[in-house]
Amino acid sequence: MNEPKFNKSKPLRQKLLMIYHDDGILDIVVGVTILMLSAVMATESVVFIGLIGIPLILYIPIKEQVSIPRIGFIRFEAEDISRRRMVSFLVMGIGSFAFFVLLALIRTSISPGLVEWMGNNEVVIFSFLLAGALFAAGRILNNSRFLTYAILSLVLVLGAYFVGLRIWLPVAIVGLVLEGFAISKLSTFLKNNPVAEGK
Amino acid sequence: MKNPIFEVLSLTADIDKTVHEPARLLILSMLYVVDSADFVFLHTQSGLTRGNFSTHISKLEEEKYIIVLKEFVDKKPITTYSISEAGRTALKSYRELMKNILAELE
């Protein structure tokens, strides 16, 4: 049997992943995305939905400017695997979006009971989707902060729903908490890692 | 009858000195679990001085345990390292050998 080139669950690899994402940049980008999502929910303006993904596009340029000159660059997977992973993420994102659009379009033709159930539980569904996305990010990046954000988002959104608050409020709080942690992480990172002499 | 101690001693004689050195073991281990890393990353994580780090990297390069890629990105020289098949095999053999030697202490 051929042994895989590297084992993804190796503790050293997990530690390197943790070091590489200890700059808080990913938290900042995800936090801004969540804040934009809350703004869309608060204003109920569909026009801004397209803007939600913009902070994620800025991740790589920010990482290149801030983090890489300080701690260097590490490639965890071969370029073709990274590219394939990126494409599958994109397909998943577009697929999920298309699924919701399709659901909205065929709403009248699906079982009224299911539509009613989804209408009654949309906040619960949304809270699990948000927490699930943060949880998945935490698992992939071996970042325990994201697992905490996932639990926080679930608790806050469900809590606000049962108390009767508007849902954009707990979503905004989750975004602000992420920003708070991220800025503290980034300032510690900048303090501990001066720009290295390159080679 | 053959002295059993000699068997253990013969195992220690097989230790690959290039891999056995702690700094080189650390560099090779880091490269074993990723695709590639640049000079700055390996240097900062190893905690070695620049000169010391370069010496160990040169030794690994000399033994063909690592592959070195030098390129220019935005007019800046960047050196990237990845583990070669020979390096991968050497590290695996080292791990097996050390396991066998340490098993004698159990």
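Up top is the structure these notes are about.
Quick notes on the rules
- Residues numbered from 1 in each chain as written.
- Chains lettered and ligands numbered in written order.
- Predicted model: local features only at pLDDT ≥ 70, side-chain atom pairs only at ≥ 80, totals over all residues.
- Heavy atoms only, no water.
- Helix = DSSP H or I, 4+ residues; strand = E, 2+ residues; numbered from the N terminus.
- Buried < 20%, exposed > 50% of the residue type's maximum accessible area, 1.4 Å probe, protein only.
- Contact = heavy atoms within 4.5 Å.
- Buried area = accessible area lost by both parts, 1.4 Å probe.
- Salt bridge = Lys/Arg side-chain N within 4 Å of Asp/Glu carboxyl O.
- Nonpolar A, V, L, I, M, F, W, Y, C, P; charged D, E, K, R; others polar.
- Pairing = 2+ DSSP bridges.

Turning to the overall build of chain A, a few remarks are in order. The number of helices and strands found in chain A is nine helices and one strand. Mapped from its N terminus to its C terminus, chain A presents α and β elements in the order α-α-α-α-β-α-α-α-α-α. Counting across all 199 residues of chain A, residues that qualify as buried make up 31%. Taking as baseline every contact in chain A between residues at least 6 positions apart, the subset at least 24 positions apart corresponds to 73%.

The next point concerns the interface of chain A and chain B. Chain A puts 22 residues into the contact, and the matching count from chain B is 22 residues. Between chain A and chain B the total buried area reaches about 2,000 Å² when both faces are included, carbon and sulfur atoms providing 59% of it. Summed over the shared surface of chain A and chain B, the result is zero salt bridges. Secondary structure elements with two or more residues in the side of chain A that touches chain B: helix H1 (11-20), helix H4 (59-71) and strand E1 (74-75) of chain A. The leading source of residues in the side of chain A that touches chain B is H1 of chain A, at five residues. Of the residues contributing to the side of chain A that touches chain B, the split by class is eleven nonpolar, two polar and nine charged. Two strands pair when backbone bridges link them, and E1 of chain A and strand E1 (residues 36-38) of chain B are joined in this way by two bridges, in the antiparallel orientation. Bridge pairing links Ile74 of chain A to Ala37 of chain B in E1 of chain B.

Moving on, we come to the pairing of strand E2 (residues 66-73) of chain B. All names here are of chain B. Pairing geometry for E2 and strand E3 (residues 76-83), over eight bridges, is antiparallel. Along E3, the bridge assignment pairs Val73 with Lys76. The antiparallel pairing of E2 with E3 creates a hairpin that spans two residues between the two strands, and Asp74 there sits at a positive phi of about 50 degrees.

Keep in mind these values describe shape, not function.
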